[in-house]
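Analysis of the macromolecular model
Chain residues, written in single-letter form:
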Amino acid sequence: MLYSAFIFGLISSLHCIGMCGPIAMMLPFDRSNPAKKVIQIMLYHLGRLSAYASLGLVFGILGRSFYMAGIQQQLSIIVGILMIIIAVVPEKVFMKYNFSKPVYKGISKVKSSLGNQFKRKSPDALFTIGLLNGFLPCGLVYAALFGAIAMQNVTLSVTYMLLYGLGTIPMMSAVVYVSNILSFPMRSKMQKIIPIVTVFIGILFIIRGLGLDIPYLSPGTMSLLVKANATCH
């Protein structure tokens, strides 16, 4: 299932252009030195990847507890259903209920810190901007975290989120060089692909949880138990 993370990241980057693209375009890069600019862009992405890896670690530890409790397959099905719900329910419906309200103060501090970092031009500022950017609320990141929590161990959960982040890099890098990389009508059309891919990945997680004894796609219950025991030893 790890391959789905990178694919999901590639597709999610179409959404990132609209949400995080403005942040990327306002980054305090050295515009006069192309080589230095590439390094600065990588520092920004390294910050984002660090945030995703940290989230993967936290959710991986949580997922590991489910795995040890023997409900990993049920969790995989639930995760698949939640990913499909995120894909088919309009984002404005989630905004209406404001699920992030309990952590609103924390998010406000992240946004405030993010704004302060734009005033600096040091390498650590670019890394910090990427790090804080990675912690900003995003429905597609939440969907990726659902996938991470359904992995078999913490290492796989962290890897899942790193692959998701790597998938977003090509488009997020391109938008720095070409601000009008995609016209609004084109972006609108391409963003319609996002829910289709999300539903597809959700279905993969459901199939995985059903334990149909299909190698690599839907291992049987005994296969999961064997892997769990091997990991424990």
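Scroll up a little and you will see the structure.
This section reports on the structure supplied with the text. (Residues numbered from 1 in each chain as written. Predicted model: local features only at pLDDT ≥ 70, side-chain atom pairs only at ≥ 80, totals over all residues. Heavy atoms only, no water.)

1. Remarks on the packing of helix α4 (residues 72-88) against helix α11 (residues 193-210)
What counts here: The convention used is that axes are lines fitted to C-alpha atoms, helices contributing only their stretch in contact, and that angles between N-to-C directions extend from 0 to 180 degrees. To qualify as a helix, a DSSP run of H or I must reach at least 4 residues; to qualify as a strand, a run of E must reach at least 2; elements of each kind are numbered from the N terminus. By the definition adopted for this analysis, an angle is roughly parallel if under 35 degrees, roughly antiparallel if over 145, roughly perpendicular if from 65 to 115, and oblique otherwise. Left-handed describes a crossing whose near helix is turned anticlockwise from the far helix by less than a right angle; the clockwise case is right-handed. Here, residues are in contact when the closest pair of their heavy atoms is within 4.5 Å. Each residue gets one of three labels, nonpolar for Ala, Val, Leu, Ile, Met, Phe, Trp, Tyr, Cys and Pro, charged for Asp, Glu, Lys and Arg, and polar for the others, Gly among them.
Between α4 and α11, the shortest axis-to-axis distance is 7 Å and the interhelical angle comes to 165°. Compared by their axis directions, α4 and α11 come out roughly antiparallel. Between α4 and α11 lies a crossing of left-handed hand. Contact residues: Q72, Q73, S76, I77, V79, G80, I81, M83, I84, A87 and V88 in α4; P195, T198, V199, I201, G202, I203, F205, I206, R208, G209 and L210 in α11. For the contact of α4 with α11, the class distribution of residues is 14 nonpolar, seven polar and one charged.

2. Observations concerning the packing of helix α3 (residues 34-68) against helix α8 (residues 139-149)
Look at α3 against α8: their axes get within 8 Å of each other, and the N-to-C directions meet at 45°. Taken together, the axis directions place α3 and α8 in an arrangement best described as oblique. Where α3 crosses over α8, the handedness of that crossing is right-handed. Contact residues: Y52, L55, G56, F59, L62, G63 and F66 in α3; V141, L145 and I149 in α8. Along the lines of polarity and charge, the residues of the contact of α3 with α8 split into eight nonpolar, two polar and no charged.

3. Comments concerning a nonpolar patch on the surface
Quick note on the threshold: In this scheme, patches are assembled from residues that exceed 30% relative accessible area and form no salt bridge. Like charges are connected within 9 Å, while nonpolar side chains (Val, Leu, Ile, Met, Phe, Trp, Tyr) are connected within 5 Å. Only the protein chains shown count as cover for residues, with accessible areas throughout obtained via the Shrake-Rupley method and a probe of 1.4 Å. Every case where a carboxyl oxygen of Asp or Glu lies within 4 Å of a side-chain nitrogen of Lys or Arg is listed as a salt bridge. Each residue is placed in one exposure class: buried if its accessible area under a 1.4 Å probe, protein chains only, is under 20% of its type's maximum, exposed if it is over 50%, and partly exposed if it falls in between.
Among the surface-exposed residues, V38, M42, Y177 and V178 lie close enough to one another that they form a single nonpolar patch of about 350 Å² accessible area. When you line up the elements, Y177 lands in helix α9 (residues 154-177). Owing to a relative accessible area of 47%, Y177 belongs among the partly exposed residues under this scheme.

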